[in-house]
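Single-letter residue listing:
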Amino acid sequence: MLSLQSLSKTYADGTRALDAIDLSVPNAEIVALIGGSGCGKTTLLRLIAGLDRPSAGAIALDGEPITGPHPGVGLVFQEPRLLPWLDVAGNVGFGLGELPRRARAERVAHALERVGLAEHAGRWPRELSGGQQQRVSIARAFVANPRVLLLDEPFSALDAFTRKDLHRHLLALWEEVRPTVLIVTHDVGEAVALADRAIVMRPKPGRLDESVALDLARPREPSAPTSEAATRAILGALDRSLRPRDAARTPELAGGSSF
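Residues numbered from 1 in each chain as written. Predicted model: local features only at pLDDT ≥ 70, side-chain atom pairs only at ≥ 80, totals over all residues. Heavy atoms only, no water.

### As for unusual backbone geometry
Worth spelling out the cut-off: Segments assigned H or I by DSSP are reported as helices when at least four residues long, segments assigned E as strands when at least two residues long, and all are numbered from the N terminus.
With an omega of -5 degrees, the peptide bond running from K204 to P205 counts as cis. Here R218 and P219 are connected by a cis peptide whose omega angle stands at 0 degrees. Relative to the helices and strands, P219 is located in the loop between strand 10 (207-213) and helix 7 (225-241). Of note in the backbone geometry, D62 takes a positive phi value of approximately 50 degrees without being a glycine. With a phi angle near 45 degrees, E153 is a residue other than glycine that sits in the positive phi range. Considering the arrangement of structural elements, one finds E153 in the loop between strand 7 (148-152) and helix 5 (160-177).

Here you go:
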């Protein structure tokens, strides 16, 4: 269980990026964080990853406090951020130095097989397309068997066909390793395609506003009635998140959502 309790972040210039975030994410759940610009989605991932410190509140993984980078937490950035002096296999296995060489090679080979890059193990990052580079980044994150995987808009720069293909590879790896996943996205269709739950955030300061359950069978077709209904529910929540709070919520929602 990933647990955030009263998590807040205020920067040195006084900007309140996040305010009183309470969130529980069960093991193996995929949660999509979605919202307008300035609602603190990336800041929230950086706090969970231990790359920044909260101003208040606490983060715990299975009851263990997270106060800095944690070996059980992996992060995939919007850009692949591969090491140009290492080949594809070297990039994927970069964090596995404690394993014997043979075990490391087997794990890397398996991860590359799962993302469809087995034949590219010896190539350099500069020789790959953008989609292939992001596959390497995803393989590198999964190869360490993380308990929590954080993804910060990893597919936003890719064309629709490549994005859908990477969705398939991501879900195949998730089915095998079953980490808890938090993915930041601006794409409602992506949230519906991947997540078990979409959480809409409200900006200035960033707060959790509404939670939309996505209890849909996989694989999911965008044109299916259940997917279209889920898309409408998220779009409605997004619309409410951008209005003044007293105008955004109906009386039934005034008590807020459970996270």
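Still more ground to cover, so stick around.
### A look at the UniProt feature "domain: ABC transporter" (unreviewed entry) in the protein chain
The criterion, for reference: UniProt positions are given in the numbering used here, feature names are shortened, and annotations may be inferred rather than shown by experiment.
This chain's UniProt record puts "domain: ABC transporter" (unreviewed entry) on residues 2-228. The distance from the first to the last C-alpha atom of residues 2-228 is 29 Å, and the span holds 31% helix and 26% strand.

### A word on the pattern of salt bridges
Threshold: Any carboxyl oxygen of Asp or Glu that lies within 4 Å of a side-chain nitrogen of Lys or Arg is treated as forming a salt bridge with it.
Applying the stated rule across the entire model yields 16 salt bridges. A salt bridge links D187 to R163; its shortest N-O distance comes to 4.0 Å. Linking D187 in the loop between strand 8 (180-184) and helix 6 (188-194) with R163 in helix 5, this pair joins segments that are 24 residues apart in sequence. The structure contains a network of salt bridges with shared partners spanning R135, D165 and R168.

### A word on the confidence of the model for the protein chain
To keep it simple, the criterion reads: What pLDDT expresses is the predictor's confidence in each residue, scored from 0 to 100. By definition in these notes, contact holds between two residues if any of their heavy atoms fall within 4.5 Å.
Confidence in the prediction for the protein chain averages 90 pLDDT; 95% of positions are at 70 or higher. In the model, residues 250-256 has pLDDT below 50 throughout and makes four contacts with residues more than four positions away in sequence or in other chains.

### Overview of the pairing of strand 4 (residues 56-61)
This is how it is decided: Should DSSP find at least two bridges between two strands, the strands are regarded as paired.
Here five bridges tie strand 1 (residues 2-10) to strand 4, and the two strands are oriented antiparallel to one another. Opposite Q5, over in strand 4, you have A58 as the bridge partner. Here strand 4 folds back onto strand 5 (residues 64-65) in antiparallel fashion, the turn holding two residues, of which D62 has a positive phi close to 50 degrees.

### Re the packing of helix 4 (residues 130-143) against helix 5
The axes of two packed helices give the description: the angle between them and the distance between them. This is how it is decided: All axes here are fitted lines through C-alpha atoms, helices being fitted over the stretch that makes contact, and every angle between N-to-C directions spans 0 to 180 degrees. Throughout this description, any angle smaller than 35 degrees is read as roughly parallel, any larger than 145 degrees as roughly antiparallel, any in the 65 to 115 degree range as roughly perpendicular, and the remainder as oblique. In this scheme the handedness of a crossing depends on how the near helix is turned from the far one: anticlockwise by less than a right angle means left-handed, clockwise means right-handed. Residues are grouped as follows: nonpolar covers Ala, Val, Leu, Ile, Met, Phe, Trp, Tyr, Cys and Pro; charged covers Asp, Glu, Lys and Arg; every other residue, Gly included, is treated as polar.
Running from amino to carboxyl end, helix 4 crosses helix 5 at an angle of 10 degrees, the nearest separation of the two axes being 11 Å. Looking at the two axes, helix 4 sits roughly parallel to helix 5. Seen from above, helix 4 lies across helix 5 with right-handed handedness. Taking contact as the criterion, the partners of G131, Q134, R135, I138 and F142 in helix 4 are, on helix 5, T162, D165, L166, H169, L170, L173, W174 and V177. Per-class residue counts for the contact of helix 4 with helix 5 are seven nonpolar, four polar and two charged.

### Some thoughts on the sheet that holds strand 2 (residues 16-25)
With antiparallel pairing, four strands are arranged side by side in an open sheet as 2-1-4-5. One side of each edge strand has no neighbouring strand; the edge strands of this open sheet are strand 2 and strand 5. Along the sheet face, helix 1 (residues 41-49) touches strand 1, strand 2 and strand 4 and points at about 120 degrees away from the line of strand 1.

### Concerning the sheet that holds strand 8
Strand order in the open sheet formed by six strands is 6-7-8-3-9-10, and the pairing between neighbours is mixed. Strand pairing shows two members of the sheet lacking a second neighbour, strand 6 (73-76) and strand 10, which therefore form its edges. Direction aside, the axes of adjacent strands within the sheet are offset by 20 degrees on average. Bridging between strand 3 (residues 30-35) and strand 9 (residues 197-202) involves five bridges; their strand directions are parallel. Its bridge partner lying in strand 9, G35 is registered against M201. Helix 1 contacts strand 3, strand 6, strand 7, strand 8 and strand 9 of the sheet and is inclined by roughly 150 degrees relative to strand 7.

### Here's the deal with the side chain of S3
The condition is simple: The classification of residues rests on relative accessible area computed with a 1.4 Å probe and restricted to protein chains. Under 20% of the type maximum is buried, over 50% is exposed, and intermediate values are partly exposed.
Topologically, S3 is positioned in strand 1. Take S3: its relative accessible area is 18%, and that puts it in the buried class. Those residues within four positions of S3 in sequence are excluded, and the remaining contacts are L23, S24, A58, I59 and A60.

### Looking at helix 3 (residues 101-114)
Since the α-helix advances by 3.6 residues per turn, residues separated by three or four positions end up pointing in the same direction. What counts here: Under the convention used throughout, the expected extent of a helix is 1.5 Å for every residue step, that is, one less than its residue count. Starting at the helix axis, one direction is taken to each C-beta atom, and the arc is that of these directions.
Taking 1.5 Å of rise per residue, 14 residues should cover 20 Å, and helix 3 covers 20 Å from first to last C-alpha, within 8% of that figure. Taken together, the buried positions of helix 3 are V108, A111 and L112. With its buried residues spanning 100 degrees around the axis, helix 3 presents them on a single face. For helix 3, the exposed residues lying more than 90 degrees away from the buried face are R102 and E113. Tucked inside the fold, the buried residues of helix 3 contact helix 2 (88-92) and helix 4.

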